[in-house]
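# Observations on the three-dimensional arrangement
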Amino acid sequence: MMEKTKEIVIVTGATRGIGKAISLKLASEGYEVIPFGRDRKLLEEIGSSLQEFGTGQDYYSGDVSDEKFVNESVASILDKFGTIHHLINNAGIAVFEEFVDSTLEQFRKQIDTNVYGVYNFCKAVSDEFIKQHRGSIINISSLAGKNGFPKGTMYSASKHAVQGFTKSLMLELREYNIKVASVCPGSVATEMIIDSPMQPSNIDKILSPDNVAEVVLTMLKLPVNALVSEVEIRPTNPK
C-alpha cells in the first residue's frame, strides 16, 4: 500500500465543464485527484493535464449508475492509497424538453446518472468515512434542484432528488465528523447548456466552471469543525 501525504479526492464527471475545472483546481492546490468519466480518451487527456501537478495517474472509465463498477473502483482506490478524503459527485446529464414531448427513457437516463450515480458513490465511501471518522462529500446540484423552469421537468426533478438526499445524508453522517454538502450553481457556461434550448443570449455574463471550482476548493479548506451544508452561486449581474 502506498504512503500518501496528499488528500485523496474522487471527482466524477471529470472530463468536461465543472468536473474538469474542479479537478484542475484541486490538483493545482496539491490534492491527489482521481477522475471518473465515461469517455476513456477524454479521461486520458485530463489525466495528462493533471500529471503536470503530480497527480492524475489513476483514473476510472465507466458508468456512475453501475453499482458494481463504482464499488470495485472505490475498493481499488482504497487498496492503493489506503484512504479517501473527499468525494465530489459532479457527473450529470440534462435533457431539456417540453414535458408533452418528453419520454420516459429521457427521464430514466437523467435519474440514472444524476441520482443513482450520487447514491452509488456516497454508499461506496460512507463505510470508510465512518470508520476513519472523517471525510467530505460535495454533491454538485443546481438551482434547478430548488426551482422549476420550463423544459426542466425531468432535470429539475432529478436535482430536487439530489437536494433531498444530500440534506438527509448530512444529518445522518455529521455525528462522525463527515461533511456532506451541495453546491447549487445557476447557469454555467458548459457543454450542457451551450447549443441547447437553455443557452442564454448573454452567455458571457453567466458563471464559468472555474467559479464553481473556487467554491468547492473553499469548502474543502474550511476548518474541520465548520460545515457549509449548501451553497447557491449565481452570476453577479447576468444582464
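For the structure, check the block above.
### Details of the overall build of the protein chain
What the protein chain contains, in helices and strands, is six helices and seven strands. The order of helices and strands in the protein chain, counted from the N terminus, is β-α-β-α-β-α-β-α-β-α-β-α-β. A compact globule built from 239 residues should have a C-alpha radius of gyration of about 18 Å, and the protein chain, at 17 Å, falls within 12% of that. In terms of overall dimensions, the protein chain has a C-alpha envelope of 55 × 35 × 35 Å along the principal axes. Residues counted as buried form 48% of the 239 residues belonging to the protein chain. At a minimum sequence separation of 6, the contacts of the protein chain that also span at least 24 residues come to 69%. Of the roughly 11600 Å² of accessible surface on the protein chain, a fraction of 50% belongs to carbon and sulfur atoms. Averaging the positions of the 25 positive and the 30 negative side-chain charges in the protein chain gives two centres separated by 3 Å.

### Considerations on the packing of aromatic side chains
Per the counting criterion, the structure on display carries six aromatic pairs. Each ring, one from F36 and one from Y60, has its centre 5.0 Å from the other, and the planes form 15 degrees; the classification is stacked. In this pair, F36 sits in strand β2 (residues 32–37) while Y60 sits in strand β3 (residues 60–61), placing the two residues 24 residues apart along the sequence. Of the two residues examined, F36 and Y60, each falls in the buried class. Look at F36 and F121: their rings are 5.0 Å apart centre to centre, the planes differ by 85 degrees, and that puts the pair in the edge-to-face class. Placement of F36 in strand β2 and of F121 in helix α4 (residues 104–132) is noted, with a sequence separation of 85 residues between them. Members of the aromatic cluster, joined through ring pairs, are F36, Y60, F69 and F121.

### What to know about the layout of surface pockets
In this model, the second largest pocket occupies a volume close to 290 Å³. Residue lining of the second largest pocket: 20 residues in total, with H86, G135, S136, K179 and L220 positioned closest to the centre. No other element matches the four residues that strand β5 (residues 135–140) contributes to the lining of the second largest pocket. Of the residues belonging to the lining of the second largest pocket, the class tally is twelve nonpolar, five polar and three charged.

### Section: the side chain of T12
Relative to the helices and strands, T12 resides in the loop between β1 (8–11) and α1 (17–28). The exposure class assigned to T12 is buried, which follows from its relative accessible area of 1%. Of note is the side chain of T12, whose polar atom sits 2.9 Å from the backbone nitrogen of A91. When neighbours within four sequence positions are excluded, T12 is seen to be in contact with F36, V64, I88, N89, N90, A91 and F121.

Definitions and cut-offs
- Residues numbered from 1 in each chain as written.
- Predicted model: local features only at pLDDT ≥ 70, side-chain atom pairs only at ≥ 80, totals over all residues.
- Heavy atoms only, no water.
- Helix = DSSP H or I, 4+ residues; strand = E, 2+ residues; numbered from the N terminus.
- Rg over C-alpha atoms; globule rule 2.2 N^0.38 Å.
- Buried < 20%, exposed > 50% of the residue type's maximum accessible area, 1.4 Å probe, protein only.
- Contact = heavy atoms within 4.5 Å.
- Areas by Shrake-Rupley, 256 points an atom, 1.4 Å probe, with all protein chains shown as cover.
- Lys, Arg positive; Asp, Glu negative; His and termini not counted.
- Charge placed at Lys NZ, Arg CZ, Asp CG, Glu CD.
- Phe/Tyr/Trp six-rings, centres within 6.5 Å; stacked < 30°, edge-to-face > 60°.
- 1 Å grid on protein atoms, 1.4 Å probe; cavity = no way out; pocket = protein on both sides within 12 Å on 5 of 7 lines; lining within 4 Å.
- Points joined across faces, edges and corners; volume = space filled by probe spheres on them.
- Nonpolar A, V, L, I, M, F, W, Y, C, P; charged D, E, K, R; others polar.
- Polar contact = N/O pair within 3.5 Å; in protein donor to acceptor, adjacent residues only side chain to side chain.

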